[in-house]
Amino acid sequence: MPLSKHLILTGFMGTGKTTVGKLLAEKLNCPLVDTDAEVEKSVKQSISSLFAEKGEAVFRDWESRVLKEVLSGPPRVVTTGGGIVLRQENRRMMRSLGWVVCLTADRDELLHRLKGDESRPLLQGNARQKVEQLLEERRGYYRDSDWVIDTTGKTPEEVADEVISAIQKEFSQV
Ligand code: S3P
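The residue numbering used here restarts from 1 in each chain and proceeds along that chain's sequence as written. Local features in a predicted model are, by the rule used here, given only for residues with pLDDT of at least 70; side-chain atom pairs are given and counted only at 80 or more, and totals for whole chains, interfaces and linings are based on all residues. Derived side-chain values reflect all non-hydrogen atoms in the structure, with water molecules and hydrogen atoms excluded from consideration.

1. Some points on the UniProt feature "binding site: substrate" (unreviewed entry) in the protein
Mapped onto this numbering, the UniProt entry annotates "binding site: substrate" (unreviewed entry) at Asp36, Arg60, Gly82 and Arg138. For the purposes of this entry, the term helix denotes a DSSP run of H or I that reaches at least four residues, the term strand denotes a run of E that reaches at least two, and both are numbered from the N terminus. Following the sequence through the fold, Asp36 ends up in helix α2 (residues 35–43). Judged by its relative accessible area of 23%, Asp36 is partly exposed. Discounting residues that sit within four places of it in the chain, Asp36 has contacts with Ile47, Phe59, Glu63 and Gly81. Those residues in contact with Arg138 that lie beyond four places of it in its chain are Phe12, Met13, Arg60, Gly82, Gly83, Leu86 and Leu122. UniProt positions are given in the numbering used here, feature names are shortened, and annotations may be inferred rather than shown by experiment. The rule is simple: take the accessible area with a 1.4 Å probe, protein chains only, and divide by the maximum for that residue type; under 20% is buried, over 50% is exposed, in between is partly exposed. Only heavy atoms enter the contact rule, under which two residues are in contact if any of them lie within 4.5 Å.

2. Some words on the nonpolar core
For our purposes a nonpolar core is just a set of buried Ala, Val, Leu, Ile, Met, Phe, Trp, Tyr and Cys residues, chained together by side-chain atoms within 4.5 Å. The biggest cluster of nonpolar side chains holds 30 residues, and the ones touching the most others in it are Phe12, Val39, Leu71, Met94 and Val131. Where this core is concerned, the elements lending two or more residues are α2, α3 (47–54), α4 (56–71), α5 (88–97), β4 (98–104), α6 (107–114) and α7 (127–142). Among the elements that line this core, the one with the most residues is α4, at five residues. Aside from chain neighbours lying at most four places away, what touches Met94 is Ile8, Thr10, Leu67, Leu71, Thr80, Ile84, Val85 and Val100. By size, the runner-up hydrophobic cluster in this structure holds 21 residues, among which are Leu7, Val77, Val163 and Ala166.

3. Describing the site of the ligand
Close to the ligand lie 13 residues; Lys17, Asp36, Arg60, Arg120 and Arg138 are nearest. Each polar contact in these results corresponds to two N or O atoms within 3.5 Å; when the atoms are within protein, one needs to be able to donate a hydrogen and the other to accept it, and residues that are neighboring in sequence are counted only if both atoms are side-chain atoms. In the model, an oxygen atom of the ligand is placed 2.7 Å from a nitrogen or oxygen of the Lys17 side chain. For the ligand, an oxygen atom lies 3.2 Å from a polar atom in the backbone of Gly83. Accessible surface area values rest on a Shrake-Rupley calculation with a 1.4 Å probe, where residue burial reflects the displayed protein chains alone. Summarising the interface, the protein chains cover 93% of the accessible area of the ligand, which totals 380 Å² for the free molecule. Classification convention: Asp, Glu, Lys, Arg as charged; Ala, Val, Leu, Ile, Met, Phe, Trp, Tyr, Cys, Pro as nonpolar; all other residues, Gly among them, as polar. Residue composition of the shell around the ligand, by class: five nonpolar, three polar and five charged. Whether a residue is near a molecule or strand is decided by its heavy atoms; if any one of them lies within 4 Å of it, the residue is near.

4. Examining the UniProt feature "binding site: ATP" (unreviewed entry) in the protein
When the UniProt feature table is mapped onto this chain numbering, "binding site: ATP" (unreviewed entry) sits at Gly14, Thr15, Gly16, Lys17, Thr18, Thr19 and Arg120. In this fold, Arg120 is placed in the loop between α6 and α7. When its relative accessible area of 28% is taken as the criterion, Arg120 is described as partly exposed.

This is the structure:
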C-alpha cells in the first residue's frame, strides 16, 4: 500500500521502534529505512565507536544530515534513534514531511527491556539513573508528534496494528 508521506517512528531507546518499524513496513508493503543504520553506513563504523571516538555532537550532526536526506526521498517507514527529537530542526522536518508516531513505555518496562544493554553509549554506567534523566529531559520533545502510542505490555504486532489503525482513522489514506 503506497504511503502519501513518511511514517516516522520516534521514541526512547527500548520502545521497540526498530521491531515495530519492520512489521509496519511488511504490513504496508512499504520500504523501510533506519536513521542509525544510515549513519553507520555513512561513517563506516558503529554508533558506539562513533560516540567513543568523536563524541555525541558529531553523531548528532550525522543524524540530522541523514534524516534530511532520508526525508527528501520517497515516502517510507522511517525508524529513528531515540535522541533524534533533541534538535528542533529535526522535529520540524519530521512534522512537516511525515506522520510522526512516538512510541512510549513505562519507565520500569524500559529499564527491564534495556537491562544489560551494551550497545547504547548513553546507557553505559548507571543505566537506571541515565534512563530517568534522559526521559525527564526529553519528555516534552517526544510529545511533539502526531500520535503517542504506549507499548507497555503489548506485543510489537499489537503496536504495529495500533499505529495503522490510528492513521487510517484519521486520514483514511494509508
Ligand atoms: C540514542 C538512541 C540510539 C542511538 C544512539 C543515541 C539516544 O538509538 O541513536 O545510541 O540518544 O536516545 P535507539 O533509540 O534505536 O536505541
